[in-house]
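Notes for the structure review
Listed here are the chains, written in short residue letters.
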Amino acid sequence: MSNWIKELTNVSRNRPTELREAKDGGVKIVEHTGNFVPEELIYAAGAKPYLMCRGGEPEPPESPLAYLLRFMNPLARSLAGYNMLGLDPVTPFADMIAFQETDCQVGRVSELMEYQKLPVYKLGVPSDWKKTLSQQYYYRALEKFKTSLEELTVEKVTDEKLLDQIKLSNRINKGLEKINELRKGDNPPVTGYEFMRLNHCTFHMEPDKAAESVEAVYAEVKNGQGRYVQGAPRILIAGHAVAIGDYAVIRIAEDSGAMVVSEMMDEGIRPFKWQISTEGNLVENIGKRNYLTKFPPNIFQPAWKDRFEHMKKLIEEYRIDGVIWYQLAFDEIYDMEAACLAKWLGEMDVPFMKMESSYEYSRESMGPLETRIESFIHSIK
Amino acid sequence: MNKNTYREFLEFVAFEPEELETATEEWIKASQILGLAEEDIRYAMEEYIPDNWDVKFLGVRKIVGAVIREAIDLTKAKDYKKDGVKVVYGILPAILSNYMAIKVSGGDRVYVGFPDIFLAKVLNAFFHKLDPFLENAEQNGMSYGCRHCALNKTRITAKMQDVIPSPDIIWTWGLNCDEGPKTDEFINCYFDDDWNVEITRIPHDTYWGDCDSDNEERIDYLADQLNHSVRVVEETVGFKVTPESLKAASTATRQYAMKIAQLNSMCMKADPFPIGGNVLSILGSPLSMPYNTGLKHMEGAVDILIKEVKADIKNGVGILEKGAPRVGVYFTPYCVPWVDTIFRENGVALGFSLISVVTKKAMMKPMKYKDDPYRIVAEQWLRSAAGGNMGYEFETWVDKVETFKPDAMLMGFFDFDRWLGAHQKMGTMYVEEKTGVPHFYMEADFWEDRDYSAEGLRTRIESICQVAKMNKKMKEMGK
């Protein structure tokens, strides 16, 4: 692992402490569950965001089972689970927990947290995204969110403040995209694991620091040495999310001799390829980028053909040799999309492997997991 | 093949003598399409239906008959389509009156149905024969281990194995769940380009305890969604769905709902309990899925059943002895009808289903919208228990439990449903605390029993029955 990623990880690990101090100084803290809840708005209102996207540990998804269905994905269950185990450093003092209401699993978890009397906020994201009606719904939801933030912080979200935040956000994204471009090379100077962690770190830092850090990383790695064995198979990892802390599959793939050079994930990663326009109605610009410009998440409908087009572009641009579909257990919609992708990629002769995780990474589970990934990598070498 | 078996079956489910000749031929054809062999028909007639359904009532046999009629009609949908009839499907849960309005407007020019739930109902409630549909889907993308919904698997196989035609349009809903509408995208992407989909959704973004129908912006949004989708359906089928037909459909549904409410109320007040929970549960099905053949057969059967039940109540006749505990259910799993039977074997009656009863309190609240049919329908849905957030839904459960006064409540049977199943454990705690009525949660599946066999659940059911009896006794003793 590079030194820069170690340093950034340490900075981001300190984020809960920083937030606690900020809270003690009168700043409002807003936890949120993903990119449909724009952190640009949260900062512009004078609050501080904290992304809830932890995973990769078996106990948190288990702990809400007295309240929830067993057959729900472990990431959704972890949203409530970390707090129930007393392992969430921010939820106990968060002033608002803003959920992006995209699907049933997250929807029910948000209701569990309401049941637990936590300060839940719900931001509706209609999944029938091609209708003007639905687009307007999301834009209105953003306006309501802005108003709620203003009420929470007693601070006006002016265009000027929002523009500053959008510019910072775009700067982070541009930096990430420049690093990501380096991954198109024969032997990239950053690993897939590092790139994913870098993304995660940027969520848990002040945006100006995040932008500076990403730019510094680019400066350091742009002429750097390749991190892989020359000619190693090139992998695209796709699916719902590589949560913060859930790095087993990427690491095993890279330890098995592959280079993970691209991702297509719905959560836990910045939409760095798509900038927010700084002209005109800024809230709507955020909405458009999240809802229309970026490739649609799996839950949107119809989405899978659009998503496959995006995947094909990535396969071409990053010269992908094989796709690992990283699926969370009981994530039923992703499971269905996986079947379509297996069929379509099969028609293109692109090797595809579905890998499922329930965040159970015990010694007993790791053996078969490693064997499967190693075999896949071996088969495409 | 012995033709008499099929004819005997239709006689058993109270087809009229004069229709038997034609109906038998049609039933034989339909059975072949549905994958029912002669021995399946005989098994259903001689064992499965008598064991699990109250066939002593003519009304019940006629209900089974009405379902069989609709199943026969469903297997003709391919022929209808060849003859130029437009085919419109939907999925559960949806606002039924919209589909009925399409049928009212289109008449014989259109076939309207929810094929998956109908197939699941016919095949598992009466023949215990849905498994081949499920297994096929599991070999084609719906991984067994991922716990997908049986209805969606059934829809996939029904199309894949040519039981049903591709629809001219499937108007698919995601007001509750994600997997239902996404299954239509799956069918379209995976194997059927002709599977034409129109989708209506609304995010789950209201707050604990708020009544969604008090939110005018939400009503407007849903009404606009409905209006939009109706326009798309109209363009596809080539005729207008008139506001009058929507009103007529709403009225017919309400009228049927009143009869079901009357029967439920009558049964819950009676001692001994007069009829099984399976029947009370399946009677609500025309409120959640359209019958292309119309409501007349179901409604006629219900009218007969009401009279028969009234007579039994008057004569003090019931399915169990007087004083036996009765248990309310989230939704009595009539597609796994042996659950009701095991309860009964243990001296406990399954009574009303939360999902299919309305209370006076809910009905008395005046509707805000009177003229705009889309707003009327949107308001109805957003006021319904399933149309709201968890806190609101739990309050409706409290109201129902307090109204029908069961000795215990049984929750569960929706382990596959990340919306309708995901909140039931919390509901169990919440409503028990508010009402004092003991609640039990049982992880199982409403539509099929491969993972939860009778042997597997029997001990659990026996324990629930023992506790229900003990509680009732203690209540009677004033403890």
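Quick look at the structure, then.

Rules behind the numbers
- Along each chain, residue indices are assigned from 1 in the same order as the chain's sequence is written.
- Each chain gets a letter, beginning with A, and each ligand a number, beginning with 1, in the order they are written.
- Side-chain atom pairs in this predicted model are given and counted only at pLDDT of 80 or more, local residue features only at pLDDT of at least 70, and totals for whole chains, interfaces and linings cover all residues.
- Each helix corresponds to a stretch of at least 4 residues labelled H or I by DSSP, and each strand to a stretch of at least 2 residues labelled E; elements are numbered beginning at the N terminus.
- Counts of 20 or more other C-beta atoms within 10 Å of a residue's own C-beta define buried residues, counts of 12 or fewer define exposed ones, and intermediate counts define partly exposed ones; C-beta atoms are placed from the backbone.
- We call two residues in contact if the C-beta atoms placed from their backbones are at most 7 Å apart.
- Following the grouping adopted for this structure description, the nonpolar residues are Ala, Val, Leu, Ile, Met, Phe, Trp, Tyr, Cys and Pro, the charged ones are Asp, Glu, Lys and Arg, and the polar ones are all others, Gly among them.
- Any helix carries an expected span of 1.5 Å times its number of residues minus one.
- Paired strands, as defined in this entry, are two strands with at least two bridges between them according to DSSP.
- For every element, the axis is a line fit to its C-alpha atoms; helices are fit only across the contacting stretch, and the angle between N-to-C directions ranges from 0 to 180 degrees.

Attention now goes to the overall build of chain A. Per the secondary structure count, chain A includes 15 helices and eight strands. Put simply, chain A has 381 residues, and 56% of those count as buried. Relative to all contacts within chain A whose residues are 6 or more apart in sequence, the contacts with residues 24 or more apart total 75%.

Let us now look at the interface of chain A and chain B. On the side of chain B, 40 residues touch chain A, which itself brings 40 residues to the contact. If one sorts the elements of the side of chain A that touches chain B by residue count, helix α6 (residues 104-115) of chain A sits on top with eight residues. Here the side of chain A that touches chain B is composed, by residue class, of 22 nonpolar, five polar and 13 charged.

Moving on: the environment of A:Leu369. Take A:Leu369: it is sitting in helix α15 (residues 363-380). The spacing of A:Leu369 and A:Met355 is 14 residues in sequence and 8.2 Å in space, taken between C-alpha atoms.

Right, let's get into helix α4 (residues 58-75) of chain B. With 18 residues, α4(B) extends 26 Å from end C-alpha to end C-alpha; this agrees with the ideal 26 Å at 1.5 Å per step. A large share of α4(B) lies buried, amounting to 16 of its 18 residues.

Before going further, it helps to examine the pairing of strand β3 (residues 96-101) of chain A. Residues and elements named next belong to chain A. Counting buried residues in β3 gives six out of six residues, a clear majority hidden from the surface. The alternating pattern of β3 places Met96, Ala98 and Gln100 and Ile97, Phe99 and Glu101 on opposite faces, both of which are buried. As judged from the three bridges shared by strand β1 (residues 29-32) and β3, these two strands associate in the parallel manner. Bridged to His32 within β3 is Ala98.

The subject of this paragraph is the sheet that holds strand β8 (residues 352-357) of chain A. Residues and elements named next belong to chain A. Taken together, the four strands give an open sheet; going across it, the order is β6-β5-β7-β8, and neighbouring strands pair in parallel fashion. On the outer flanks of this sheet lie β6 (259-267) and β8, each paired with one strand and no other. Geometrically, the sheet is characterised by an average inter-axis angle of 20° between neighbouring strands, direction not taken into account. Here six bridges tie strand β7 (residues 322-328) to β8, and the two strands are oriented parallel to one another. Bridge assignment links Val323 to a residue of β8, and that residue is Phe352.

Glancing now at the sheet that holds β3(A). All names here are of chain A. Ordered by their spatial adjacency, four strands build an open sheet running β2-β1-β3-β4, and the pairing between neighbours is parallel. Each end of this open sheet is capped by a strand with a single partner; those strands are β2 (48-51) and β4 (120-124). Ignoring which end each strand starts from, the neighbouring axes of this sheet average 25° apart. Sitting on the sheet, helix α2 (residues 15-24) is in contact with β1 and β2, with an inclination near 150° to β2. The strands touched by helix α7 (residues 132-153) within the sheet are β3 and β4, with β4 carrying the most contacts at an inclination of about 155°.

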